[in-house]
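Here is how the chains run, residue by residue.
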2 protein chains.
Amino acid sequence: MEKYKDLIIVGAGIAGVTAAIYARRAGLDFFLFEPATIGGQLLYMEKIDNYSGIPTGSSGSDFASGLKDNLKSLNIEVTSQRVERIEEDSGKFQVNTDSSLYESKGVIIATGASFKKLGIKGEEGYTGKGVSYCALCDGFFFKGKEVAVVGGGNTAVEEALYLAEIAKKVTLIHRRDRLRSLDYLQKELFSKNNVEVMFNSEVKEIRGENFLKEIIIENNKDKNTSSLTPQGLFIAIGVRPNSVVARDFLSLDEKEFLITDEYMNTSRKGVWAAGDCRKRPLRQLITAASEGAIASVSAYKHIRGGYISS
Amino acid sequence: MEKYKDLIIVGAGIAGVTAAIYARRAGLDFFLFEPATIGGQLLYMEKIDNYSGIPTGSSGSDFASGLKDNLKSLNIEVTSQRVERIEEDSGKFQVNTDSSLYESKGVIIATGASFKKLGIKGEEGYTGKGVSYCALCDGFFFKGKEVAVVGGGNTAVEEALYLAEIAKKVTLIHRRDRLRSLDYLQKELFSKNNVEVMFNSEVKEIRGENFLKEIIIENNKDKNTSSLTPQGLFIAIGVRPNSVVARDFLSLDEKEFLITDEYMNTSRKGVWAAGDCRKRPLRQLITAASEGAIASVSAYKHIRGGYISS
């Protein structure tokens, strides 16, 4: 196997796949590395309503199959290796995977992010079956229903507020005795009459059959347990970018998201970032795809010498 | 008909449609105005290979039907009126269409852009049938074939260079005796041995049967005519944003594209722009869709009071 190509794309979620499509069409030689399944977080999504052009209500796994078909149609191969370290030697990049060493003129990092998990019984099994990590993605499916949100930071309170406009009732469950979110968000939250907040409360177990049915909550002061039966449970305790490969190599923000400009240039010439691993205004499938396209065209310009502006 | 809603979205190309999808899912009340057909420039696209998730090679009109289905599934109505003027009265927006006056708390401008046309016989008929206005969109379909590019500015030269990597031969046809593009682009162009430049030359007619077959070229000095038989003709004489509605109301760049930040905020609070009418790093379907989503979430935050960050 040849070890040197124009470009290396790290990750085959929607950002990396879109970058690969644009790179193929531009005639670049590249590797696309993905140690797991094509589609990344798509695989955890039950239904997708907000990616214009694909049928409303498509499943995440159908969407991921669509991406696989896109790659196949353009003869793009995925190399099933995990990228572990990237180094630069005067404009050339050495990329170490779990099984070999590769070299390229440019690298696109599209490694995604992972939602922090509660790590409780039932969480994994009911993800996409009532349990979600993204109100903006899945909130609409709970129109007129009862939902619960876990967390106490800005994201949790924002998600509770967003859901309050859609759902019949929202219960915010937080393990501390006060929220950590910004004041104006808290004020807004307490002004809603379809929102209830449970303090000192931790979700201990998620139960159901085919779909979420019940959550078991423990009060961490008096250790009493209670039960709620929301149709949806949104876990909003944080997101962790998969940026370990970029640590000490590229500029990251305080939460370790990669910092780029609008051309997806990172702090290092010849390296671009796209999708959930990047600090960005909106974390969605469609924005990740767009960023993959932009990163790929930026890479093309850099590698081929500065052209194609539109 | 009610004349006041939270939000008004101007234009139902892919940016406006995506904004509408996000607005519906967030529970906003809105109008979506489009005087012509849903899908905008999509209708001129023969084949789409670079919008991840939809089948490779889908036609523009299939894609536009997909957008119509998305709107239908979410019960989003399109109001068939042309927006002619927007005014602000202390945070409320008056939107004048060709038949009535509407009011809202926010406006998303997604009016798109139009490629400048040569205005010659055959141009309209063969658009999408060999004639294209975007090398990055359609260049790949001419792999190993002969193509011609019309124009002499940066975009034309960049497109010729891009095509030179894909096509067997590229002829650049320019009406003046020298190129207007940046020096380094010209140098790069003249270094390619599969690129030929015809100066003082104007395409006068496009001929074919089902597909482009021949172009008639006039030398504007000696008035001699000649003929070329490329498989593809790329017209790269400029793009005009459909921003007339924003003139004197919002900040535009020197080419009249709307200036925004990465949240799609224009120079006026309560007004956002998305898609081809906006100054942006990459003019593509996927970037327009992404911008529609971002603009819509920014509008939601503004209208509902500052929340939902991810």
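Below is a summary of the structure that appears in this document. (Residues numbered from 1 in each chain as written. Chains lettered and ligands numbered in written order. Predicted model: local features only at pLDDT ≥ 70, side-chain atom pairs only at ≥ 80, totals over all residues. Heavy atoms only, no water.)

Examining the relation of the copies chain A and chain B
Least-squares fitting of chain A to chain B yields an RMSD of 0.0 Å, with the superposition described by an axial translation of 0.0 Å and a rotation of 180°. These values place the two chain copies in the arrangement generated by a two-fold rotation axis. Taken together, the interface assignments show that 100% of the residues at the interface of chain A recur at the interface of chain B, consistent with an identical surface on both copies. (Least-squares fit on C-alpha atoms with pLDDT ≥ 70 in both. Contact = heavy atoms within 4.5 Å.)

A closer look at the environment of B:Glu77
Tracing the sequence through the fold places B:Glu77 in the loop between helix H2 (60-73) and strand E3 (83-89). On the basis of relative accessibility, which here comes to 65%, the residue B:Glu77 falls in the exposed class. (Helix = DSSP H or I, 4+ residues; strand = E, 2+ residues; numbered from the N terminus. Buried < 20%, exposed > 50% of the residue type's maximum accessible area, 1.4 Å probe, protein only.)

A closer look at the interface of chain A and chain B
Facing 60 residues of chain A, the contacting portion of chain B comprises 60 residues. For A:Glu165, the salt bridge identified is with B:Arg304, shortest N-O distance 3.2 Å. Where chain A touches chain B, the interface holds 26 residue pairs in polar contact (both at pLDDT 80 or more). Sorting the residues of the side of chain A that touches chain B by element identifies helix H1 (14-25), helix H2 (60-73), helix H3 (135-138), helix H4 (154-164), helix H5 (183-190) and helix H6 (285-304) of chain A as the ones contributing at least two each. No other element matches H6(A), which puts 9 residues into the side of chain A that touches chain B. Considering only residue class, the side of chain A that touches chain B consists of 30 nonpolar, 16 polar and 14 charged. (Salt bridge = Lys/Arg side-chain N within 4 Å of Asp/Glu carboxyl O. Polar contact = N/O pair within 3.5 Å; in protein donor to acceptor, adjacent residues only side chain to side chain. Nonpolar A, V, L, I, M, F, W, Y, C, P; charged D, E, K, R; others polar.)

Section: a negative patch on the surface
Together, A:Asp261, A:Glu262, B:Asp261 and B:Glu262 make up a region of like negative charge exposed at the surface. Within the secondary structure, A:Asp261 is located in the loop between strand E15 (239-241) and strand E16 (271-273). (Patch = residues over 30% accessible without salt bridge, like charges linked within 9 Å, V, L, I, M, F, W, Y side chains within 5 Å. Areas by Shrake-Rupley, 256 points an atom, 1.4 Å probe, with all protein chains shown as cover. Lys, Arg positive; Asp, Glu negative; His and termini not counted. Charge placed at Lys NZ, Arg CZ, Asp CG, Glu CD.)

Brief notes about the sheet that holds strand E7 (residues 131-132) of chain B
All names here are of chain B. Judged by pairing direction, the sheet is parallel, and its 5 strands sit side by side in the order E7-E14-E8-E9-E10 without closing on themselves. Only two strands of the sheet have a single neighbouring strand rather than two, namely E7 and strand E10 (195-198). For strand E9 (residues 169-173) and E10, the ladder comprises 4 bridges, and the chain directions are parallel. Bridging from a neighbouring strand, Val 170 pairs with Val 195 of E10. Across the sheet, helix H4 (residues 154-164) touches strand E8 (146-150), E9, E10 and strand E14 (232-235), and the angle it forms with E9 is around 170°. (Pairing = 2+ DSSP bridges. Axes fitted to C-alpha atoms, helices over the stretch in contact; angles between N-to-C directions.)

Quick word on the pattern of salt bridges
Two side chains bearing opposite charge may form a pair once their charged atoms approach each other closely. As enumerated under the stated definition, the model contains 42 salt bridges over all chains in all. A:Arg268 is paired through a salt bridge with A:Glu88; the nearest N and O atoms lie 2.8 Å apart. Remark: A:Glu88 occurs in strand E3 (residues 83-89) and A:Arg268 occurs in the loop between E15 and E16; sequence separation between them is 180 residues. Judged by relative accessible area, A:Arg268 falls into the partly exposed class, the value being 27%. Given a relative accessible area of 31%, A:Glu88 falls into the partly exposed group. Residue B:Glu202 pairs with B:Lys204 through a salt bridge whose shortest N-O separation is 3.4 Å. Judged by its relative accessible area of 27%, B:Glu202 is partly exposed.

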